[in-house]
Amino acid sequence: MKRALAWLRILGAFAILGVLVWQLGSDAFLDGLGRISTPGVLAALVIGFATTLFSAGRWQLVATRLGLRLSLRTAVGDYYRALFLNGVLPAGVLGDVHRAVQHGRDSGDVPRGVRAVVLERTAGQLVLIASAVTVVLVAPDVVPGAFRDVVTITGVVVVLAAVGALVTGRLFGGKWIHSESKWRRGFAVTLADLRLGLFTRETWPGVGFLSVATLAGHLALFVVAARVAGVDAPVGQLVPLMILALLAMGLPLNVGGFGPREGVCALLFGAAGLGAAQGVTVAVVYGVLTLVASLPGAGVLLVRSVAGFRVTRAPHTGVLPAPRTAADTGIESEVELRS
């Protein structure tokens, strides 16, 4: 079943791209690739570093609140690696899956490590959805009718889900945490981590600020992509379109990030009078610049792979380890307790 869903996602992305090529031709895609320039690449690397730093800081904050140890340096390296894997592998989320499981293993608590990443990504999506709903309310004319309905329904569903989770947690969280049912117990633990990781007074201001800063970084890169693609429309006209395009990118129907983004940009730019083909070109340039921004993650992946290979291939010297003393055991126990 999982394999079938994976293939459906890939085929869905190719179907979207195929329809765009059929309707608009291949020039919009090729023009986007041909417009990549050195200033655009440098801007992508700088903006990508700032955005990754904000995202990694958000992850560190959430993970720390859940009781997991995570330094900012490690978070930045792991986040870069995840972004690179997200960009080069199908579905666009496999890097985050690897980041979640690896940190959980390193911390000794895989379920909580996974929840930390899910909550960190959820915080970003909540800010993005709120921004998209704001666009629909403030500037409804720039949003096509069908897309306006989708954004509105998404916002309503998110609000209802959040309220339902909070009410359920208040009513049953204390009872279900000791339930014999692993599903109820797991649900209660998840709600507790949700409150602790996102909605306490010590957490939500920092998580909210870092999420807004991350979104601003993505929008800045989108503006750079538009300028590289030759679009000279005012930033105020572009930002609402780009927020909606970023929302569409959350759909797991992409190949290397390409798919819904190009389709939605064609729809939005066409409705705004900027041209559907121009929207595809901007989306292609943004996709390439996003991949460029994640390239430090390839370096992180290579360095850690080489380091791991050296550890596994370390020659055996044939020297027996020194006998362990009571003092050694006591020191190790103290380190374990502190960690």
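Not measured: the values here are computed from a predicted model.

(A) Structural detail: the packing of helix H5 (residues 94–107) against helix H6 (residues 110–138). H6 packs onto H5 with a crossing angle of 140 degrees between their chain directions and a minimal axis gap of 7 Å. With respect to each other, H5 and H6 are oriented oblique. When you trace H5 past H6, the crossing you get is right-handed. Side by side, H5 and H6 meet where Asp96, Arg99, Ala100, Val101, His103, Gly104 and Arg105 of the first sit next to Val110, Gly113, Val114, Val117, Glu120 and Arg121 of the second. Split into classes, the residues belonging to the contact of H5 with H6 amount to five nonpolar, three polar and five charged.

(B) Representation of the pattern of salt bridges. Counted under the stated rule, the structure contains 10 salt bridges. The partner of Asp96 in a salt bridge is Arg121, and the shortest N-O contact between them spans 3.5 Å. Of this pair, Asp96 sits in helix H5 while Arg121 sits in helix H6, and the two are 25 residues apart along the sequence. Classification of Arg121 as partly exposed rests on a relative accessible area of 32%.

(C) Examining the packing of aromatic side chains more closely. Considering all chains together, one arrives at two aromatic pairs under this definition. The interplanar angle of 65 degrees and the centroid separation of 6.3 Å between the aromatic rings of Trp59 and Tyr79 together place this pair among those described as edge-to-face. With Trp59 in helix H3 (residues 38–65) and Tyr79 in helix H4 (residues 72–88), this residue pair connects regions lying 20 residues apart in the sequence. For the pair formed by Trp59 and Tyr79, the shared burial category is buried. Note on Phe222 and Tyr286: the rings are 3.9 Å apart at their centroids and 10 degrees apart in plane angle, and the pair reads as stacked.

(D) Geometry of the nonpolar core. In terms of nonpolar packing, the biggest core is built from 43 residues, with Phe222 and Leu244 touching the most fellow members. Among the secondary structure elements, those contributing two or more residues to this core are H3, H6, helix H7 (145–176), helix H9 (204–228), helix H10 (235–248), helix H11 (260–271) and helix H12 (276–293). Residues contacting Leu244, with those up to four places away along its chain left out, are Ala132, Val135, Val143, Phe147, Val151, Val264 and Leu268. In terms of nonpolar packing, the next biggest core, distinct from the first, is built from 21 residues, Ala56, Leu66, Leu70 and Tyr79 among them.

(E) A look at the packing of H3 against H4. Contact geometry for H3 and H4: axes closest at 8 Å, N-to-C directions at 120 degrees. One finds that H3 runs oblique with respect to H4. Considering how the two elements wind past one another, H3 and H4 form a crossing that is right-handed. Every residue of H4 that contacts H3 at Gly48, Phe49, Thr52, Leu53, Ser55, Ala56, Gly57, Arg58, Trp59 and Gln60 is listed here: Leu72, Ala75, Val76, Asp78, Tyr79, Tyr80 and Leu83. Along the lines of polarity and charge, the residues of the contact of H3 with H4 split into 10 nonpolar, five polar and two charged.

Scoring rules and cut-offs
Residues numbered from 1 in each chain as written. Predicted model: local features only at pLDDT ≥ 70, side-chain atom pairs only at ≥ 80, totals over all residues. Heavy atoms only, no water. Axes fitted to C-alpha atoms, helices over the stretch in contact; angles between N-to-C directions. Helix = DSSP H or I, 4+ residues; strand = E, 2+ residues; numbered from the N terminus. Parallel < 35°, antiparallel > 145°, perpendicular 65-115°, else oblique. Left-handed = near helix turned anticlockwise from the far one by under 90°. Contact = heavy atoms within 4.5 Å. Nonpolar A, V, L, I, M, F, W, Y, C, P; charged D, E, K, R; others polar. Salt bridge = Lys/Arg side-chain N within 4 Å of Asp/Glu carboxyl O. Buried < 20%, exposed > 50% of the residue type's maximum accessible area, 1.4 Å probe, protein only. Phe/Tyr/Trp six-rings, centres within 6.5 Å; stacked < 30°, edge-to-face > 60°. Core = buried A, V, L, I, M, F, W, Y, C linked by side-chain atoms within 4.5 Å.

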